[in-house]
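Chain residues, written in single-letter form:
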Amino acid sequence: MNLKLLFLLLLPFVAISQSSSYKIRTVAFYNLENLFDTTNDTLIFDDDRTPEGKDNWTQERYERKLLQMSKVISEIGSDKTGNSPDILGICEVENLRVIKDLIHQDALRNKGYEIIHYDSPDERGIDVALLYKKSAFVPTSTASHRLLLLNEEQERNYTRDQLVVGGMLDGEQLFFLVNHWPSRSGGEARSRPNRIAAAQLNKQIIDSLQRLDEQAKIISMGDFNDDPTNDSFKKILQTKGKIKKLEKGELYNPMERLYKKGVGSLAYRDNWNLFDQLFMTEALLEKTDEKYHFWKASVFTAPYLLTQKGTYKGYPLRTYAGGAYTGGYSDHFPVYLYLIRKEP
């Protein structure tokens, strides 16, 4: 074994107590806030994000966006692992090309990321995708599940697919779902049925995996455009925020506790929302030796991601704000969790 590979294998190990050591893997999600290339695609509504468009989206601005996104990704969860996430769900990416440009940035080039991506029928052309380190995860199945929605005129409302990836994380089977549910455009109440439909699809996918294996370890992540206490989570997915109240096969949402403490991943009109979430099946809470289980979850809020002054001080430092280019990162903070297992 060469020294470089040995280093990579040893890096995720950390001593949590004097008597035991654990291997840690980071699973994260990040809404990249409209990561578009500069080319006008006539099949989608990307006209604003072109050099001639309203946003004056130039090659220089595109490259700056890639540089900044890669910096953030390289640091998510690194305080415990010394490395970037092993599994990363992303959304608001225009196509496969921009994802490839992203992982070839200096901060990510040597991380060994591979991409799982499908084109969604979304009108703006934005997709979800999963990045994974080939040194940690081996995919065995992938699928893109279409969310069929109709507007008030009973016309098709095109939105993002839900991505499902199964595979072996260090030899252990896990499933990852990546979501970007319909927005609150038109108001929360008016748009709620679309997110209820998205939750129903997500529940169907999870149920189908649990029918094959009732102890399936599943993590669903995404920008849900709903908070942990909204009906989509509490009534459809029936997530629970307290481990002690979980029954076999139910879904645990660690973000609910954070949300009730006032933690958010985006801000709007002086209110914080926690739309970016990761939740999991109860099987990931069983602290079995030599099997991965949930440790803790958090929102990544490095100081450089925050607006430092003005009306929006403390809010995420965005790429655009009020229609003006601000050169920031994203209007969302990333979220992440740690999976750990005891090592001999």
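Calculation criteria
- Residues numbered from 1 in each chain as written.
- Predicted model: local features only at pLDDT ≥ 70, side-chain atom pairs only at ≥ 80, totals over all residues.
- Heavy atoms only, no water.
- Helix = DSSP H or I, 4+ residues; strand = E, 2+ residues; numbered from the N terminus.
- Rg over C-alpha atoms; globule rule 2.2 N^0.38 Å.
- Buried < 20%, exposed > 50% of the residue type's maximum accessible area, 1.4 Å probe, protein only.
- Contact = heavy atoms within 4.5 Å.
- Areas by Shrake-Rupley, 256 points an atom, 1.4 Å probe, with all protein chains shown as cover.
- Lys, Arg positive; Asp, Glu negative; His and termini not counted.
- Charge placed at Lys NZ, Arg CZ, Asp CG, Glu CD.
- Phe/Tyr/Trp six-rings, centres within 6.5 Å; stacked < 30°, edge-to-face > 60°.
- Lys NZ or Arg CZ within 6 Å of the ring centre and 35° of its normal.
- Core = buried A, V, L, I, M, F, W, Y, C linked by side-chain atoms within 4.5 Å.
- Expected span 1.5 Å × (residues − 1).
- Bend = angle between axes of the 7 residues up to and from the residue.
- Pairing = 2+ DSSP bridges.

Caption draft 1: Spotlight on the overall build of the protein. Counting secondary structure elements, the protein contains seven helices and 17 strands. Its C-alpha radius of gyration of 20 Å places the protein within 12% of the 20 Å reference for a compact globule of 344 residues. With the principal axes as the frame, the protein shows a C-alpha extent of 60 × 45 × 40 Å. Burial analysis of the protein (344 residues in total) assigns 53% to the buried set. Of all intrachain contacts in the protein linking residues separated by at least 6 positions in sequence, the fraction that spans at least 24 positions is 69%. Just so you have it, the protein exposes about 16000 Å², and 49% of that area is on carbon and sulfur atoms. Computed over 46 positive and 47 negative side-chain charges, the separation of the two mean positions in the protein equals 7 Å.

Caption draft 2: A look at the packing of aromatic side chains. Counting across every chain of the model gives 16 aromatic pairs. Ring centres of Y304 and Y329 lie 5.3 Å apart, and the angle between their planes is 50°; on these two criteria the pair is classed as tilted. One end of the pair, Y304, is in the loop between β14 (293-299) and β15 (320-321); the other, Y329, is in the loop between β16 (324-325) and β17 (335-343), and 25 residues separate them in sequence. Look at Y304 and you get partly exposed, because its relative accessible area is 22%. Here Y329 falls in the buried class, since its relative accessible area comes to 10%. Stacked on the ring of Y325, the Lys or Arg R61 has its end atom at 3.9 Å from the ring centre. The residue whose ring lies beneath K71 is Y304, and the NZ or CZ to ring-centre distance is 4.4 Å.

Caption draft 3: Expanded view of the nonpolar core. Ranked by internal contacts, the top residues of the largest apolar core, which has 69 residues, are I219 and M221. Per element, the largest residue contribution to this core is eight residues, and it comes from strand β2 (residues 21-35). With residues near it in sequence (within four places) discarded, I219 still touches V27, L174, F175, F176, L177, L278, F279, M280, L284, L337 and L339. Ranked by size, the runner-up nonpolar core spans 19 residues in total, among them F175, W181, L201 and I206.

Caption draft 4: Representation of helix α5 (residues 188-212) in the model. The terminal C-alpha atoms of α5, which comprises 25 residues, lie 35 Å apart, in line with the 36 Å expected from a rise of 1.5 Å per residue. The largest bend along α5 reaches roughly 25° and is located at N194. S191, N194, R195, I196, A198, A199, L201, N202, I205, I206, L209 and Q210 are the residues of α5 that are buried.

Caption draft 5: Region of the structure containing the sheet that holds strand β10 (residues 251-252). Strands sit in the order β6-β7-β8-β9-β13-β10 across an open sheet of six strands; the sheet is mixed. Here the strands that pair on one side only, and so sit at the sheet edges, are β6 (137-145) and β10.

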